[in-house]
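Survey of secondary and tertiary structure
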Amino acid sequence: WGQKEELKKSLEGFSVSHPDIKCIRILVAGQIGAGKSSFINSVNSTFQGRITSGALVNTNSVSSHSFTNRITTHRVRGADGDLPFIWTDTMGLKTEAMEGSQPEDIIKAIYGHVKENCKFNTEEPLDHKSEDYVSDPLLSNQAFCLVYVVDSKTIELTDTRLIDKLRIIRHRIRDTRIPQVIVMTKVDEACLLVKNDLKKVYTSKMIKKKMQVCSDMIGVPLNCIFPVKNYQDEIKINNDVDVLILTAFEQIVNLANDRLREVASN
Ligand SMILES: Nc1nc2c(ncn2[C@@H]2O[C@H](COP(=O)(O)OP(=O)(O)OP(=O)(O)O)[C@@H](O)[C@H]2O)c(=O)[nH]1
Ligand SMILES: [Mg+2]
């Protein structure tokens, strides 16, 4: 918990391991309202040392449609300028009851086939003839880490059809060997002990159980699941929130960079 400045410094001095890529692209996907946009903002807040809100967040935690309704990109900024990381924020995945994106479109976005600001049609996947479709994406348009954002409070209640959608994405991109991780949000709402003291996140039995449920349901190993609490109504940054966010982010960018190193050497 005392490593915040060290973590920040190492990320601020990060160098990308592929000569043709200046910025590592990371795509976030998951259920509507899971905290995807909040996670993107929390990483930026941590680096800037103040609360930021570049990605629009839903103020209503119960919603029938995805609040992020387009593919949007957000650069990670440090106190002294841009860092070599870029987010692709996506609409939450569609369920029977809620309007959102489809696995096919998320897969296209991972490969860089989707233009920024594209608004997915919730009924039909993006057509390759559409003007939002990029037929020949550059390597820099591709995402090199896929982050599934999962709400720890409601993980056990997740519609099995949504889990099937995550599995479809997982299997379809498996051969590309793009790293896939889970960011498990809202740990403050999942466990009262953690709400009162975020440092208890690694010893809480409840959080451990939730991580196991995530792992079993989605098929991601426990060492690729990162519990976090996003900034949501705070007005000031907080050391413990920052450390959890930075720990998750460091792993994400290191995994992405490992994959890029392999791509560069092939
Ligand atoms: N308590 C708590 N609330 C959170 C956390 N992360 C997000 N929230 C709240 O959850 C709600 C949804 O967050 P968003 O970031 O808009 O979720 P999203 O996944 O981007 O949702 P869509 O764009 O609609 O798919 C907001 O009200 C956030 O304030 C967290 O870690 N803890
Ligand atoms: Mg969003």
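Refer to the structure presented above.
My aim in this report is to walk through the structure given alongside it, one point at a time. (Residues numbered from 1 in each chain as written. Chains lettered and ligands numbered in written order. Predicted model: local features only at pLDDT ≥ 70, side-chain atom pairs only at ≥ 80, totals over all residues. Heavy atoms only, no water.)

**Comments concerning the overall build of the protein chain**
- Counting secondary structure elements, the protein chain contains eight helices and six strands.
- With the C-alpha coordinates aligned to their principal axes, the bounding extent of the protein chain is approximately 50 × 45 × 30 Å.
- By residue count, 53% of the 266 residues in the protein chain fall in the buried class.
- For the protein chain, restricting intrachain contacts to residue pairs at least 6 apart in sequence, the fraction spanning at least 24 positions comes to 70%.
- Surface summary for the protein chain: the accessible area is close to 12900 Å², and the carbon and sulfur share equals 48%.
- Taken as two groups, the 35 positive and 34 negative side-chain charges of the protein chain have centres that lie 3 Å from each other. (Helix = DSSP H or I, 4+ residues; strand = E, 2+ residues; numbered from the N terminus. Buried < 20%, exposed > 50% of the residue type's maximum accessible area, 1.4 Å probe, protein only. Contact = heavy atoms within 4.5 Å. Areas by Shrake-Rupley, 256 points an atom, 1.4 Å probe, with all protein chains shown as cover. Lys, Arg positive; Asp, Glu negative; His and termini not counted. Charge placed at Lys NZ, Arg CZ, Asp CG, Glu CD.)

**Notes on the sheet that holds strand 1 (residues 24-30)**
- Taken in spatial order, the six strands of this open sheet run 2-3-1-4-5-6, and their pairing is mixed. Pairing within the sheet leaves two strands with one partner each, and these edge strands are strand 2 (72-78) and strand 6 (225-227). The mean inter-strand angle of the sheet, taken between neighbouring strand axes irrespective of direction, is 30°.
- Relative to strand 5 (residues 180-185), strand 4 (residues 145-151) runs parallel, the two being bridged by six bridges. Bridge pairing in strand 5 links V150 to M184. (Pairing = 2+ DSSP bridges. Axes fitted to C-alpha atoms, helices over the stretch in contact; angles between N-to-C directions.)

**A look at the packing of helix 1 (residues 4-12) against helix 8 (residues 239-265)**
- One can describe the packing of helix 1 onto helix 8 by two numbers: an axis separation of 9 Å at closest approach and a directional angle of 35°. For the crossing formed where helix 1 meets helix 8, the hand is left-handed. Of the residues in helix 8, those touching helix 1 at K4, L7, K8, S10 and L11 are N239, D242, V243, L246, T247, F249, E250 and V253.
- Of the residues in the contact of helix 1 with helix 8, the class split is six nonpolar, three polar and four charged. (Left-handed = near helix turned anticlockwise from the far one by under 90°. Nonpolar A, V, L, I, M, F, W, Y, C, P; charged D, E, K, R; others polar.)

**Some remarks on unusual backbone geometry**
- In this structure, N117 is a non-glycine residue whose phi angle is positive, near 75°.
- Relative to the assigned elements, N117 resides in the loop between helix 3 (103-110) and strand 4.
- One non-glycine residue with positive phi stands out, namely R177, at about 60°.
- The topology assignment puts R177 in the loop between helix 4 (160-173) and strand 5.

**Side note on the coordination of the magnesium ion (ligand 2)**
- Those protein atoms acting as donors to the magnesium ion (ligand 2) are S37 (OG) and T68 (OG1), and they sit at 2.0 to 2.2 Å. Of this pair, S37 sits in helix 2 (residues 36-48) while T68 sits in the loop between helix 2 and strand 2, and the two are 31 residues apart along the sequence. (Donors = N, O, S within 2.8 Å, 3.2 Å for Na, K, Ca; no water.)

**A short note on the site of ligand 1**
- Neighbouring residues of ligand 1: 20 residues in total, closest K36, S38, F67, D188 and N230.
- A distance of 2.7 Å is found between an oxygen atom of ligand 1 and a side-chain nitrogen or oxygen belonging to K36.
- A distance of 3.3 Å separates a nitrogen atom of ligand 1 from a polar atom in the side chain of E189.
- Within the complex, the protein chains bury 96% of what would otherwise be the 650 Å² of accessible surface of ligand 1.
- Contributions of two or more residues to the shell around ligand 1 are made by helix 2 and helix 5 (187-190). (Near = heavy atom within 4 Å. Polar contact = N/O pair within 3.5 Å; in protein donor to acceptor, adjacent residues only side chain to side chain.)

**Considerations on the packing of helix 2 against helix 8**
- Look at helix 2 against helix 8: their axes get within 10 Å of each other, and the N-to-C directions meet at 105°. Considered as vectors, helix 2 and helix 8 are oriented roughly perpendicular to each other. For the pair formed by helix 2 and helix 8, the contact residues are F39, S42, V43, T46 and F47 on the first element and D242, I245, L246, A248, F249 and I252 on the second.
- The class makeup of the residues in the contact of helix 2 with helix 8 is eight nonpolar, two polar and one charged. (Parallel < 35°, antiparallel > 145°, perpendicular 65-115°, else oblique.)

**Description of the pairing of strand 5**
- Judged by how many residues are buried, strand 5 sits mostly within the fold: six of six residues are covered.
- By the alternation rule, side chains of strand 5 split into Q180, I182 and M184 and V181, V183 and T185, which are all buried.
- Regarding the hand of the β-α-β motif, the stretch spanning strand 4, helix 4 and strand 5 is right-handed.
- As paired elements, strand 5 and strand 6 share three bridges and run parallel to each other. (Right-handed = clockwise from strand over helix to strand, strands pointing away.)

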